[in-house]
Structure formats: C-alpha cells, structure tokens
Amino acid sequence: MHRRLIHVLVWVFILGSNLLFPTPILAKSYSIVSDRFDIRLHSDKSATIEERLTYDFNGSFSWAEMWIPTHIERQGYDYSTRITDFAITAQDGSNVAITSTSEENDRFYVKWSYSARDEQRTFVMNYTIENAVRKYTEVADFYWQIIGKEWAVPHKNVEATVRLPQSVTDKSQILIYGHGPLNGKSEIIDMQTTRFIAGSVT
C-alpha cells in the first residue's frame, strides 16, 4: 500500500502578494514588526488563510492596497487559482472598510481605508484560495508565496503555520521547504502541522 506524500512549499520573497502604502511624505514612515499566517488546507484542494500583520506607524496613514497572484508559474508549477471571501478587520476593533476589489492580470486586487497615526496597528485578513493544492497519484503539493518582493520595508518576525486536512501516519510523509531568507527555518510540528519562521524577510 502506497503512502501519499505531502509537499508543503512555503515560498517567500519573489513576486508574491504585497501590501503598499501611499508614498511617505514629510516625516511619515512605517515598519512591519510582525507578520503571521495561519494556513489551513482542505480536502477540496482549497486553502483558507488568516494573516495578521502588525505595523508601527510614524505619522498619519489612511489607506492600503494588496495584490495576490492567482496564477502560479515557477519551476514546473503552472496553474491558476481564485481568491474568494476576502475580508479584513483591525485587531483592536477600529474601523476598516474595503473600498475596491478587482481581478485582472492574473491577480486579485483589494484596497481598503482605515485611520492610524503614530501607533501600532494589526490588520487581520481572511480569504480562501481555490485550487491551491495540486493532487497527483501519490503526492499532493501546496506551493504558495506568502510575501512578495515589492515591499518597501522588511517584514520582521514572520511565521507561517500550515495545517493539513487530516493527520498523516508518519512524519516522513510530509516535506516542507521555505524558499527565501537564509535566516528562515522550516519544521514539522506534528502529524498535521508544519511551520516556517524567519526573524526578518527583506
């Protein structure tokens, strides 16, 4: 009896989803002090994402935008996905409003408004990736990029936890790779959970 092998590839730094703020003017600036992902894979090949990004704002900011790729093409991977059920809130309960969404050029776009000045703020984003897992006879692959290269500032304290639809019988059935920073570490937590961590992604 063949055992199904699960590949979990956590891909950071190259051409991924990215969040851009308006170009700072005067003394405005911001840093990203934490970026944490909880990724759950499902038997229908979808994945649900919860991302918590914590920013440290210096000055006043009022809007942001994000692009999430919906076509994966790299090192033999070539397939399309779809982003659905996108929602965003602020962890402290302050007002956040989605002002625009669209799908074009193989990416999902969203823009939202908020109000922050000289403070830390954590945004919580939830969405579903349809067709996120590729299934073969004996192997299933989840290959996704969590942080893109177009950020103007580094991400500190990055953590991505990936949970399988069900537990495996042996850890040898799971492979996890993290492409990106040399300071990153990939590990298998238990029979259903893997994790990628990095002190900084630039």
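Keep in mind that what you see is a predicted model, and the values were worked out from it rather than measured.

The rules behind the values
Residues numbered from 1 in each chain as written. Predicted model: local features only at pLDDT ≥ 70, side-chain atom pairs only at ≥ 80, totals over all residues. Heavy atoms only, no water. pLDDT = per-residue confidence, 0-100. Helix = DSSP H or I, 4+ residues; strand = E, 2+ residues; numbered from the N terminus. Contact = heavy atoms within 4.5 Å. Core = buried A, V, L, I, M, F, W, Y, C linked by side-chain atoms within 4.5 Å. Buried < 20%, exposed > 50% of the residue type's maximum accessible area, 1.4 Å probe, protein only. Pairing = 2+ DSSP bridges. Axes fitted to C-alpha atoms, helices over the stretch in contact; angles between N-to-C directions.

Undergrad: An account of the confidence of the model for the protein is requested, with residue identities and associated values reported.
TA: Counting all residues, the mean pLDDT for the protein is 81, and 81% of those residues have values of 70 or more. Model confidence for the protein, summarised as mean pLDDT per element, is weakest for strand S2 (residues 18-20) at 41 and strongest for strand S8 (residues 82-90) at 96. A low-confidence stretch, residues 10-25 stays under pLDDT 50, and its non-local contacts, those more than four residues away or across chains, total 73 contacts.

Undergrad: Go over the nonpolar core, please, and point to the residues and values.
TA: Counting 48 residues, the largest nonpolar core has Ile39, Phe86, Trp112, Phe142 and Trp144 as its most contacted members. Those residues in contact with phenylalanine 86 that lie beyond four places of it in its chain are Met66, Ile68, Ile98, Phe108, Val110, Met125, Asn126 and Tyr127.

Undergrad: Can you lay out unusual backbone geometry for me, pointing to particular residues and giving the numbers?
TA: Glycine aside, the phi torsion of most residues is negative, and most peptide linkages are trans. Within the chain, aspartate 118 stands out as a residue other than glycine whose phi angle is a positive 50 degrees. Looking at where aspartate 118 falls in the secondary structure, it is placed in the loop between strand S10 (107-117) and strand S11 (120-130).

Undergrad: Could you give an account of the sheet that holds S8, with specific residues and numbers?
TA: An order of S8-S11-S4-S3-S14-S17-S16 is seen for the seven strands of this open sheet, with the pairing classed as mixed. Edge positions in the sheet fall to S8 and strand S16 (185-188), since each has one partner strand and no second. Strand-to-strand twist across the sheet, computed as the mean angle between neighbouring axes with direction ignored, equals 15 degrees. Pairing of strand S4 (residues 47-58) with S11, which is carried by 10 bridges, proceeds in the antiparallel orientation. When the sheet's bridge partners are listed, threonine 54 is paired in S11 with threonine 122.

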